[in-house]
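# Architecture at a glance
Residue-level listing of the chains:
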Amino acid sequence: MIAVPQGMKVWLAAKPVDMRKGFDGLAAVVQEQLSKDPFSGHLFLFRGRRGDLLKILAWDGQGLCLFAKRLEKGRFVWPSPAAEQVRLTPAELAMLLEGIDWRALRRTDEPAPTRAA
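These lines cover the structure that appears in this document, whether it is placed above or below. (Residues numbered from 1 in each chain as written. Predicted model: local features only at pLDDT ≥ 70, side-chain atom pairs only at ≥ 80, totals over all residues. Heavy atoms only, no water.)

## Quick look at the pattern of salt bridges
By the definition in use, this model includes four salt bridges. The partner of arginine 50 in a salt bridge is aspartate 52, with the nearest N and O atoms 2.8 Å apart. With relative accessibility at 9%, the residue aspartate 52 sits in the buried group. (Salt bridge = Lys/Arg side-chain N within 4 Å of Asp/Glu carboxyl O. Buried < 20%, exposed > 50% of the residue type's maximum accessible area, 1.4 Å probe, protein only.)

As structure tokens, this is what we get:
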């Protein structure tokens, strides 16, 4: 589990990426396709065409960090490539990393009652 500090944004690149890319190649994708700064301290997530491998690029203040996770069964749930980028909440990131479909979940709390029954 990756703890996301408050204020850190999580960006997901919707289009599949060549998963042979390393630090520099993914940093270039962040700059060119997402129009973001790879040295901002935010998390940038990438997935290849097969969907079983996920890479996360992050700047920790001293250098770029590259994390990878491969699912032995199943695929990471990804949005349509029509969207260039998607911003995730820390909860959605946690679900994504567990292989849970984070797009269709709904909150279980209901609005507060307006009057007593």
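The structure having been displayed, the exposition proceeds.
## Notes on unusual backbone geometry
Positive phi outside glycine occurs at serine 35, with the angle close to 55°. Take serine 35: it is sitting in the loop between α1 (23-32) and β2 (43-47). (Helix = DSSP H or I, 4+ residues; strand = E, 2+ residues; numbered from the N terminus.)

## A look at the sheet that holds strand β5 (residues 85-88)
With mixed pairing, five strands are arranged side by side in an open sheet as β4-β3-β2-β1-β5. Looking at the sheet topology across the chains shown, the edges are occupied by β4 (64-70) and β5. Sheet twist, expressed as the average angle between the axes of neighbouring strands with direction ignored, equals 25°. With five bridges connecting them, β2 and strand β3 (residues 53-59) associate as antiparallel partners. Bridging from a neighbouring strand, leucine 45 pairs with isoleucine 56 of β3. (Pairing = 2+ DSSP bridges. Axes fitted to C-alpha atoms, helices over the stretch in contact; angles between N-to-C directions.)

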